[in-house]
Amino acid sequence: MAHASAPRPTLLRRWFPHPLLSLTLTLLWLLLINGVSVGGLLVGLVLGIAIPRLTGSFWPDRPGIRNYGKIFSYVLLVVWDIIVANLQVARIILFRPLASLHTRWVCVPLALTSPEGIAVLAGTITMTPGTVSCDLSADGRSLLVHCLDAPDPEATVRDMKERYESRLLEIFP
C-alpha cells in the first residue's frame, strides 16, 4: 500500500521557508551595522536565508487568518488605547491616593479558540498600561488579568471582550 506524502516544497519555498522573516532579518542586519555595503548586504542575506531554514522545522503552521483587512483597524485601536491608558495611568499615579484604587484580578472568559488569537489578546491586554494578563486556564477558556484600577470588574471584563476579543474573533478562526 502506497502512503500519500505531502507535496514537496518548491525550490523557492525550500530556500525561503519564511520570506518575510528573511527580508526582515536582512533589513535588521543592515540597520544594526548602520550602513549599506555589498559585504553587509551579503551577510544579511546569509543570515536571512540561514536562520529561517535552520529553525523552519520548529515553526508551527501559519495561523489561519480570516480577515486581513481587520488587522490594520485592530492595530490602530490598540495603539490608541495604549496612548489613552498611558495618560490614565499617569493621572492615577500622580493624583489619586492609593486608598482609592480598586486593584483586582478579573477572569476573562474566552470565546477565542485560536492559540494565536488568544496570544494576541493576552499581549494586547499586557501592552495596555494598567492591565497585565497573567495566566491562561488549563483548558484555554479563560484569561486571568490583573487590573490597576477596576471599580467595576464586570464592566472591565465586558470592555476587554467588546473592544479586543470581538475584533480578534473577526480576524482569527
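Scroll up for the structure.
First things first, this report covers the structure right here in the doc.

Reading guide: rules and limits
- Residues numbered from 1 in each chain as written.
- Predicted model: local features only at pLDDT ≥ 70, side-chain atom pairs only at ≥ 80, totals over all residues.
- Heavy atoms only, no water.
- Core = buried A, V, L, I, M, F, W, Y, C linked by side-chain atoms within 4.5 Å.
- Buried < 20%, exposed > 50% of the residue type's maximum accessible area, 1.4 Å probe, protein only.
- Helix = DSSP H or I, 4+ residues; strand = E, 2+ residues; numbered from the N terminus.
- Contact = heavy atoms within 4.5 Å.
- Salt bridge = Lys/Arg side-chain N within 4 Å of Asp/Glu carboxyl O.
- Pairing = 2+ DSSP bridges.
- Axes fitted to C-alpha atoms, helices over the stretch in contact; angles between N-to-C directions.
- Expected span 1.5 Å × (residues − 1).
- Arc of directions from axis to C-beta.
- Phe/Tyr/Trp six-rings, centres within 6.5 Å; stacked < 30°, edge-to-face > 60°.

1. Focus on the nonpolar core
Membership of the largest hydrophobic core comes to 21 residues, with the highest contact counts inside it found for Val-106, Val-108, Leu-121, Leu-143, Val-145, Met-160 and Leu-168. Of all the secondary structure elements, the ones that give two or more residues to this core are helix H4 (69–95), strand S1 (104–109), helix H5 (115–127), strand S3 (142–147) and helix H6 (153–171). Among the elements that make up this core, the one with the highest residue count is H6 (five residues). Leu-168 has contacts with Tyr-74, Leu-112, Gly-117, Val-120 and Leu-121, leaving out every residue within four places of it along the chain.

2. Structural notes on the pattern of salt bridges
All told, the structure shown has four salt bridges when counted by the stated rule. Taking the shortest distance from any N to any O, the salt bridge between Lys-70 and Glu-170 comes out at 3.1 Å. Of this pair, Lys-70 sits in helix H4 while Glu-170 sits in helix H6, and the two are 100 residues apart along the sequence. Lys-70 gets classed as partly exposed once you look at its relative accessible area, which sits at 32%. Between Glu-165 and Lys-161 there is a salt bridge, and its shortest N-O distance comes to 2.3 Å. Taken together, the residues span about one helical turn, with Glu-165 and Lys-161 both in helix H6 at a distance of four residues. Judged by its relative accessible area of 3%, Glu-165 is buried.

3. Notes on the sheet that holds S3
The strands making up a sheet associate through hydrogen bonds between their backbones, and the pairing can be parallel or antiparallel. What the three strands build is an open sheet, ordered S1-S3-S2; its pairing is antiparallel. The open sheet has two edge strands, S1 and strand S2 (131–136), and neither has a second partner. Ignoring which end each strand starts from, the neighbouring axes of this sheet average 30 degrees apart. The pairing of S1 with S3 spans six bridges and is antiparallel. Along S3, the bridge assignment pairs Cys-107 with Leu-144. Most of the contacts of H5 go to S2, to which it runs at about 145 degrees, and overall it touches S2 and S3.

4. Quick look at H5
Helix length check: H5 (13 residues) gives 18 Å between terminal C-alpha atoms against 18 Å at 1.5 Å per residue, within 8%. Every buried residue of H5 is accounted for by Gly-117, Ile-118, Leu-121, Ala-122, Thr-124 and Ile-125. For H5, the angular spread of the buried residues around the axis is 160 degrees, confining them to a single face. Against H4, S2, S3 and H6 lie the buried residues of H5.

5. Focus: the environment of Leu-47
Residue position: Leu-47 is located in helix H3 (residues 38–55). The exposure class of Leu-47 is partly exposed, given its relative accessible area of 29%. Sequence separation of Leu-47 and Gly-117 is 70 residues, and the distance between their C-alpha atoms is 29 Å. Here Leu-47 is in contact with Leu-25, Trp-29 and Pro-52, once residues within four sequence places are set aside.

6. Examining the packing of aromatic side chains
What the rule picks out here adds up to one aromatic pair. With a centroid separation of 6.3 Å and 80 degrees between ring planes, the pair formed by Tyr-74 and Tyr-164 is classed as edge-to-face. Residue Tyr-74 is located in helix H4, and its partner Tyr-164 is located in helix H6; the two are separated by 90 residues in the primary sequence. On the basis of relative accessibility, which here comes to 7%, the residue Tyr-164 falls in the buried class.

7. Topic: unusual backbone geometry
In this model, Asn-34 sits at a positive phi of 60 degrees, which is unusual for a non-glycine residue. One can find Asn-34 in the loop between helix H2 (19–32) and H3. Looking at Asn-34, the relative accessible area reads 70%, which means it is exposed.

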